[in-house]
Amino acid sequence: MIRDHLPKAKFLCWNRTFLVWAAFLCTGFSGFAQDLHYSQFYGAPLHLNPSLTGIFRGEVRFMGQYRNQWTEVPVGYKTFTGGVDFKVIGKNEEKPHFFAFGLGYNRDQAGFSDLRLSNYTLNGAYTKKMGARFYGSVGGQLGLGKRKWTADQVTFDNQYDPNNGSFDPNNPTGEVNNKQTIGYADFGLGFNVRYQVKEQEETIESFGERTKIDFGAGFFHLNRPNQFYTTLGAIKLPLRLTPYILGDFQISDRWDIMANVAGQFQTTYRQYLAGAGARYYLNRTPGKEFALQLGLTWRFDALTRDAATFPAIEAHYKNIRAGFSYDVNLSQFNTNVEGGVGGPELFVHYRIVPYRPSKKDKVCPLI
């Protein structure tokens, strides 16, 4: 991602042209960059695909994810995503189906210009049983976003004094406005197919049937919303495509292995992620489940030739899932700065899974 390659400097001499290019880079103009991203992309399902709304065991799910990148560089990046989704279960016992709805929030902040993205989303999806072990989902997303930057902490080339050969912060910037804000509406669609070994609608999950695979794709910014205005016109946000495969495979009573792959494509930008891991169940007692998971993922950005690998650890306790990872950057940018240049990342999910002993009460068939 382009934002992973900003050099360390004592000053940044920015003029209006540079700020315009910063807007280009942070909104994906001409494919030089992309939307906000996570290494643990599976931790933010509503950002990955709106059709993943409601694809979990239980009735309500709360989610939060945070990433802090390049903490030792003066233009560090902080990203946060939060959300909640819930289900409305259908009554057809022959062909189980349900609707799901969710709310999401994304925030991205970067650089001396304090360039920010704030985005609120309303998600909806419909899931129906397609066969003995298959479920199909279609979903949509309506978003309201805002872009903003400020020049309060930024220096400009007009503040350079050629007579003294030095920078003078008291010199006028030559800028007409020090702030710019724009709002926009955003639309997305997606589809998902779930395969799982478990067929029946069991109130308590069977530990002998844990294998499941999700594959699909999300399509974002279908309306090409404007991000900023320049003298050349509007800056349109390019379409984003996010295909993926998420797999959990049970290999014994206590061991599972995971394999996840995903891509993020936006004009000429290409990002690829692939990871694998193993999960061990220390306690398999229903209501007291506890498992630990270790994994390793590789990320490659084709346009910038940037690569990173990161270890990840997860804990699953009852209805709580928490994961932590730390990017280890493999690009040459690593050699040009001092201190930590990685990206710590944390996500937490909490599910409400009510117990219903009566068969008359419908429960979600997903695991």
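Quick caveat: nothing in here was measured; it's all calculated off a predicted structure. (Residues numbered from 1 in each chain as written. Predicted model: local features only at pLDDT ≥ 70, side-chain atom pairs only at ≥ 80, totals over all residues. Heavy atoms only, no water.)

(A) Spatial organisation of empty space enclosed by the protein. Summed over all chains, the structure comprises seven cavities of 30 Å³ or more. As a volume, the largest cavity reaches approximately 790 Å³. Around the largest cavity sit 35 residues that line it, and Lys212, Asp248, His316, Arg321 and Ile367 are the ones nearest its centre. Elements with a contribution of two residues or more to the lining of the largest cavity: strand S9 (212-220), strand S12 (240-250), strand S13 (255-266), strand S14 (269-283), strand S15 (290-301), strand S16 (306-317), strand S17 (320-329) and strand S18 (343-352). Volume-wise, the second largest cavity comes out at about 290 Å³. Every residue lining the second largest cavity is counted, 27 residues in all, and those nearest its centre are His47, Asn106, Asn119, Thr121 and Arg240. Of all elements in the fold, only helix H2 (45-48), strand S1 (60-69), strand S2 (77-89), strand S3 (97-110), strand S4 (115-129), strand S5 (134-150) and strand S8 (179-196) reach the threshold of two or more residues within the lining of the second largest cavity. (1 Å grid on protein atoms, 1.4 Å probe; cavity = no way out; pocket = protein on both sides within 12 Å on 5 of 7 lines; lining within 4 Å. Points joined across faces, edges and corners; volume = space filled by probe spheres on them. Helix = DSSP H or I, 4+ residues; strand = E, 2+ residues; numbered from the N terminus.)

(B) Focus on the pattern of salt bridges. The full count for this structure, using the stated rule, is ten salt bridges. With a closest N to O distance of 2.7 Å, Asp85 and Arg61 form a salt bridge. Residue Asp85 is found in strand S2, and its partner Arg61 is found in strand S1; the two are separated by 24 residues along the sequence. Pair check on accessibility: Asp85 and Arg61 agree, each one buried. (Salt bridge = Lys/Arg side-chain N within 4 Å of Asp/Glu carboxyl O. Buried < 20%, exposed > 50% of the residue type's maximum accessible area, 1.4 Å probe, protein only.)

(C) Structural view of the packing of aromatic side chains. This structure, assessed with the given rule, holds eleven aromatic pairs. Here the aromatic rings of Phe134 and Tyr195 are separated by 5.2 Å at their centres, their planes lie at 55°, and the arrangement is tilted. You can see Phe134 sitting in strand S5 and its partner Tyr195 sitting in strand S8, a full 61 residues away along the chain. Note on Phe134: relative accessible area 36%, which makes it partly exposed. By relative accessible area, which is 25% here, Tyr195 ends up partly exposed. Counting every residue linked through ring pairs, the aromatic cluster contains Phe41, Tyr42 and Phe347. (Phe/Tyr/Trp six-rings, centres within 6.5 Å; stacked < 30°, edge-to-face > 60°.)

(D) Local environment of unusual backbone geometry. Positive phi outside glycine occurs at His221, with the angle close to 60°. You can see His221 is positioned in the loop between S9 and strand S10 (226-230). A positive phi angle, near 55°, is found at Lys318, a position not held by glycine. Here Lys318 lies in the loop between S16 and S17.

(E) Structural context of the environment of Phe310. By secondary structure assignment, the location of Phe310 is in strand S16. Between the C-alpha atoms of Phe310 and Gly275, which are 35 residues apart in sequence, the distance is 9.3 Å. Apart from the residues within four sequence positions on either side, Phe310 is in contact with Ser39, Gly295, Leu296, Thr297, Arg299, Ser325, Tyr326, Asp327 and Val328. (Contact = heavy atoms within 4.5 Å.)

(F) Molecular detail of the confidence of the model for the protein. For the protein, per-residue confidence averages 79 on the pLDDT scale, and residues scoring 70 or more make up 73% of the total. The secondary structure element of the protein with the lowest average pLDDT is helix H1 (residues 16-27), at 39, and the one with the highest is S9, at 97. Here residues 1-33 is modelled with pLDDT under 50, and outside its nearest four sequence neighbours on either side it reaches 94 contacts, counting other chains as well. Confidence over residues 202-206 falls short of pLDDT 50; this stretch has eleven contacts with residues more than four positions distant or in other chains. (pLDDT = per-residue confidence, 0-100.)

(G) Region of interest: the nonpolar core. Within the largest apolar cluster, 16 residues are counted, with the highest numbers of intra-cluster contacts made by Phe41, Tyr42, Phe98, Tyr244 and Leu366. When residues of this core are traced back to their parent elements, those giving at least two are S3 and S12. Other than its neighbours up to four places away in sequence, Phe41 contacts Leu48, Leu246, Asn260, Val261, Ala262 and Leu273. (Core = buried A, V, L, I, M, F, W, Y, C linked by side-chain atoms within 4.5 Å.)

(H) How the structure looks around the side chain of Arg299. Looking at the secondary structure, you find Arg299 in strand S15. For Arg299, a relative accessible area of 1% translates into the label buried. A polar side-chain atom of Arg299 sits 2.5 Å from a polar atom in the side chain of Asp327. (Polar contact = N/O pair within 3.5 Å; in protein donor to acceptor, adjacent residues only side chain to side chain.)

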